[in-house]
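Structural overview
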Amino acid sequence: MDENSETYGYHLVYTDDPKRRGFKYEPWHYSYAPLSIPMLEAYRGINVVALLEKEEFYGAEHFTRAFLRSYIREQYFRY
């Protein structure tokens, strides 16, 4: 997979690059770019903070607006 995945549109998502932030290295976690790139772009257009503020779930008090904005900025908009 490591040698040929990109030829077929697959990319290793959570690499072991020391500069990479976010989730830990997962050598089995590949993404199919023709599907995942449009989905990621659509997800980035969603106001996740507003959605979570409307939901009622256990632990919601820990998802403050400041925490969510910091997390989103650090994890999703770093590239």
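Below, the structure is looked at part by part. None of these values were measured; they are calculated from a predicted model.

Rules behind the numbers
Residues numbered from 1 in each chain as written. Predicted model: local features only at pLDDT ≥ 70, side-chain atom pairs only at ≥ 80, totals over all residues. Heavy atoms only, no water. Patch = residues over 30% accessible without salt bridge, like charges linked within 9 Å, V, L, I, M, F, W, Y side chains within 5 Å. Areas by Shrake-Rupley, 256 points an atom, 1.4 Å probe, with all protein chains shown as cover. Salt bridge = Lys/Arg side-chain N within 4 Å of Asp/Glu carboxyl O. Buried < 20%, exposed > 50% of the residue type's maximum accessible area, 1.4 Å probe, protein only. Helix = DSSP H or I, 4+ residues; strand = E, 2+ residues; numbered from the N terminus. Contact = heavy atoms within 4.5 Å.

Focus on a nonpolar patch on the surface
Together, Met1, Tyr8, Tyr10, Tyr32 and Leu35 give the surface a local cluster of nonpolar side chains, amounting to about 580 Å² of exposed area. Taking relative accessible area as the criterion, Tyr8 reaches 59% and is therefore assigned exposed.

A few points about the pattern of salt bridges
Applying the stated rule across the entire model yields one salt bridge. Arg65 is paired through a salt bridge with Glu53; the nearest N and O atoms lie 2.6 Å apart. In this pair, Arg65 is assigned in helix H3 (residues 65–76) and Glu53 in helix H2 (residues 48–54), connecting sequence segments twelve residues apart. Overall, the relative accessible area of 43% leaves Glu53 in the partly exposed class.

A look at the side chain of Ser31
Summarising the element assignment, Ser31 is placed in strand S2 (residues 30–32). Its relative accessible area of 18% is what places Ser31 among the buried residues. Not counting residues up to four positions away in its chain, the partners in contact with Ser31 are Gly9, Tyr10, His11, Val13 and Ser36.

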